[in-house]
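Each chain is listed here by its residues.
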Amino acid sequence: MKRFFKPIEKEGSAKKPTLSPSKKDGENNCETSQEENKKEEPLKFVTWNANSLLLRAKNNWPEFSKFVTNFDPDVIAIQCDCVMRHACLMFGSFGATGLSYLFTSGAVACDFVAVFEAETGTEVRMPAAGSKDSPKNPGELKDDTKPSREEKQILIRALSSPPFGNYQIWWSLADSKYAGTALLVKKCFQPKIVSFSLDKAASKHEPDGRVILAEFENFRLLNTYAPNNGWKEEENSFQRRRKWDKRMLEFVTQHSEKPLIWCGDLNVSHEEIDVSHPEFFSAAKLNGYIPPNKEDCGQPGFTLSERKRFGAVLKEYVNLSHEKMCTMVMAPYAYRFLHKEKDMDCGFSWSGHPIGKWFSFRYRGKRMRIDYFIVSEELKNRIVACEMHGQGIELEGFYGSDHCPVSLELSQANPDAPES
């Protein structure tokens, strides 16, 4: 296979690798609108769990590209089970593709991908470079077989097509399946620092590639794909999620030099208003199993223990630069800040799929809000819009995923405005 990628820059640098230049690419990729030139920082954001980027590139790319063209976000955060890692690895080699995409990993859709593979014989995961029993290279995509090379080319073509040429990308890959994150940012809004772990160590990636943290001039942007809680008291279920929530609590209380925008698939619905059928999700079981602790019972993402821990993260957020306690506004709150009532049609970001052999009928029409934008108090009054872009039980606007894109739009900062 012909190698046409430039060497990868040192992790943590805001300078990212690009495709070998051509006149055509150079002419298109450097264009910025007059409106963008007036902006001093990103103002429009999208987060989306693509639920297999490869499948989206194969089956839904024209529709998603149209959405991106119309909304024209400055930053896009994408969470993508399995193929997210595939995509991140791809991005490690591909470098300059467009928009500010964040890929993170971990959640509700894993079962869908596993069943899809079993029923179709299609492998939608692509591992990072490295032998089976050795550490993987988080910046290289496996392409030593014909199928992996073909799938890599599908992603390259998709991510080099309009409107993605005006963005650069950062990625974090996983050593194991169902993980990985990526961040795409418009070239006119390059971050000062990009890191890949909650402790901000630029050279360190989270074990599952679940974090990308970008620092801009006036705020920080955190993209995460929280691990799914699972159903049992096991290392990769309840215990893993408790550890994650503890680390998030430590992050928000210790890293508050600038206002924070936290987005991604956080795999939790905070309150009953954030799910379509509270009683259904509260009573959900896997094969009749009931956890010993009553607070761990119910649908992953809606157990009382998860909701309490998430509430603690929001409550304990401290903005050290202003030396005051800061309330956080999240997509149910950024969203609820503008939409006070429960919207059974357009108010949820995840939905059980329509009837089909891959999903249980009992989840049809059952929906949750688990994809968020959480912003510091200083940014609250700049919220112009926060929207869920999918609707209905037939998943209109989900672009093949079981999550729909969620957007946040802020107004320009007013330097003369008093502090909140």
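Residues numbered from 1 in each chain as written. Predicted model: local features only at pLDDT ≥ 70, side-chain atom pairs only at ≥ 80, totals over all residues. Heavy atoms only, no water.

## Some thoughts on the overall build of the chain
Then, number 1: The helix and strand tally for the chain stands at 12 helices and 19 strands.
Then, number 2: Here the chain holds 420 residues, and 57% of them are scored as buried.
Then, number 3: By sequence separation, contacts in the chain at least 24 residues apart represent 75% of the contacts at least 6 residues apart. (Helix = DSSP H or I, 4+ residues; strand = E, 2+ residues; numbered from the N terminus. Buried < 20%, exposed > 50% of the residue type's maximum accessible area, 1.4 Å probe, protein only. Contact = heavy atoms within 4.5 Å.)

## Considerations on the confidence of the model for the chain
Then, number 1: Residues at a pLDDT of 70 or more form 64% of the chain, whose mean pLDDT is 74.
Then, number 2: Considering only residues more than four positions removed or in separate chains, one finds that residues 81-129, a stretch of pLDDT under 50, has 246 contacts.
Then, number 3: Low pLDDT, under 50, characterises residues 318-328; the predicted model gives this stretch 32 contacts beyond four residues in sequence or across chains. (pLDDT = per-residue confidence, 0-100.)

## What about the packing of aromatic side chains?
When we look at a pair of aromatic rings, we describe it by the centre distance and by the angle of the planes.
Then, number 1: One pass over the structure, following the stated rule, counts 18 aromatic pairs.
Then, number 2: Note on tryptophan 61 and phenylalanine 164: the rings are 5.2 Å apart at their centroids and 35° apart in plane angle, and the pair reads as tilted. Of this pair, tryptophan 61 sits in helix H4 (residues 61-71) while phenylalanine 164 sits in the loop between helix H7 (146-160) and strand S6 (167-172), and the two are 103 residues apart along the sequence.
Then, number 3: A relative accessible area of 7% means that tryptophan 61 is categorised as buried.
Then, number 4: Consider the rings of phenylalanine 67 and tyrosine 399, whose centres lie 5.7 Å apart with planes at 40°: the pair is tilted. Here phenylalanine 67 is found in helix H4, whereas its partner tyrosine 399 is found in the loop between strand S18 (383-388) and strand S19 (406-410), with 332 residues between them in sequence.
Then, number 5: Judged by its relative accessible area of 9%, phenylalanine 67 falls in the buried class. (Phe/Tyr/Trp six-rings, centres within 6.5 Å; stacked < 30°, edge-to-face > 60°.)

## Section: the side chain of serine 197
Then, number 1: Considering the arrangement of structural elements, one finds serine 197 in the loop between strand S8 (193-195) and strand S9 (211-215).
Then, number 2: Classification of serine 197 by relative accessible area gives buried; the value is 0%.
Then, number 3: At 2.4 Å, the side chain of serine 197 forms a polar contact with the side chain of aspartate 199.
Then, number 4: Residues contacting serine 197, with those up to four places away along its chain left out, are Lys204, Glu206 and Val211. (Polar contact = N/O pair within 3.5 Å; in protein donor to acceptor, adjacent residues only side chain to side chain.)

## Examining the packing of helix H8 (residues 238-254) against helix H10 (residues 304-315)
Helix packing geometry: the angle between the two helix axes and the distance between the axes.
Then, number 1: Relative to each other, H8 and H10 sit at 15°, their axes nearing to 9 Å. By the angle class used here, H8 and H10 are roughly parallel. H8 and H10 meet at a crossing whose hand is left-handed. Across the interface between the two elements, Arg241, Arg242, Asp245, Met248, Leu249 and Val252 from H8 touch Glu306, Arg309, Ala312 and Val313 from H10. (Axes fitted to C-alpha atoms, helices over the stretch in contact; angles between N-to-C directions. Parallel < 35°, antiparallel > 145°, perpendicular 65-115°, else oblique. Left-handed = near helix turned anticlockwise from the far one by under 90°.)

## Notes on the nonpolar core
Then, number 1: Formed by 29 residues in total, the largest nonpolar core has its most connected members in Phe45, Leu183, Leu221, Ile261 and Leu408.
Then, number 2: Elements with a contribution of two residues or more to this core: strand S2 (75-79), strand S7 (181-186), S9, strand S11 (260-265), strand S17 (371-376), S18 and S19.
Then, number 3: Not counting residues within four places of it along the chain, the set of residues in contact with phenylalanine 45 comprises Phe71, Val75, Phe219, Leu221, Ile261, Phe373, Val406, Ser407, Leu408 and Leu410.
Then, number 4: Core analysis: the next-biggest nonpolar cluster, separate from the first, contains 19 residues, Trp48, Ala57, Ala158 and Phe164 among them. (Core = buried A, V, L, I, M, F, W, Y, C linked by side-chain atoms within 4.5 Å.)

## A word on H8
Side chains of residues three or four places apart in an α-helix project in the same direction, reflecting 3.6 residues per turn.
Then, number 1: Taking 1.5 Å of rise per residue, the 17 residues of H8 would be expected to cover 24 Å, and the 24 Å separating its terminal C-alpha atoms lies within 8% of that figure.
Then, number 2: Of all the residues in H8, the buried ones are Phe238, Arg241, Trp244, Asp245, Met248, Phe251 and Val252. The buried residues of H8 occupy an angular sector of 145° when projected down its axis, which confines them to one face. For H8, the exposed residues lying more than 90 degrees away from the buried face are Lys243 and Lys246. (Expected span 1.5 Å × (residues − 1). Arc of directions from axis to C-beta.)

## Details of the pattern of salt bridges
Then, number 1: A full pass over the atoms with the stated rule returns 15 salt bridges.
Then, number 2: Among the ionic pairs, aspartate 72 bridges to lysine 186, the shortest N-O distance being 2.6 Å. With aspartate 72 in the loop between H4 and S2 and lysine 186 in strand S7, this pair connects stretches of sequence that are 114 residues apart.
Then, number 3: Relative accessible area serves as the criterion here: at 2%, lysine 186 is assigned to the buried category.
Then, number 4: A salt bridge links glutamate 295 to lysine 308, with the shortest nitrogen-to-oxygen separation between them at 2.6 Å. In this pair, glutamate 295 sits in the loop between helix H9 (278-283) and H10 while lysine 308 sits in helix H10, placing the two residues 13 residues apart along the sequence. (Salt bridge = Lys/Arg side-chain N within 4 Å of Asp/Glu carboxyl O.)

## A look at the environment of aspartate 345
Then, number 1: If you trace the backbone, aspartate 345 turns up in the loop between helix H11 (331-338) and strand S15 (350-351).
Then, number 2: Once the C-alpha coordinates of aspartate 345 and arginine 367 are considered, the two residues, 22 residues apart in sequence, prove to be 9.7 Å apart.
Then, number 3: Residues in contact with aspartate 345, not counting those within four places in the same chain, are Arg367, Gly390, Gln391 and Gly392.

## A closer look at H4
Then, number 1: Within the sequence span of H4, burial applies to Trp61, Phe64, Ser65, Phe67, Val68 and Phe71. Angular distribution of buried residues about the axis of H4 spans 155°; they occupy a single face of the element. Counted as exposed and oriented over 90 degrees from the buried face of H4: Pro62, Lys66 and Asn70.

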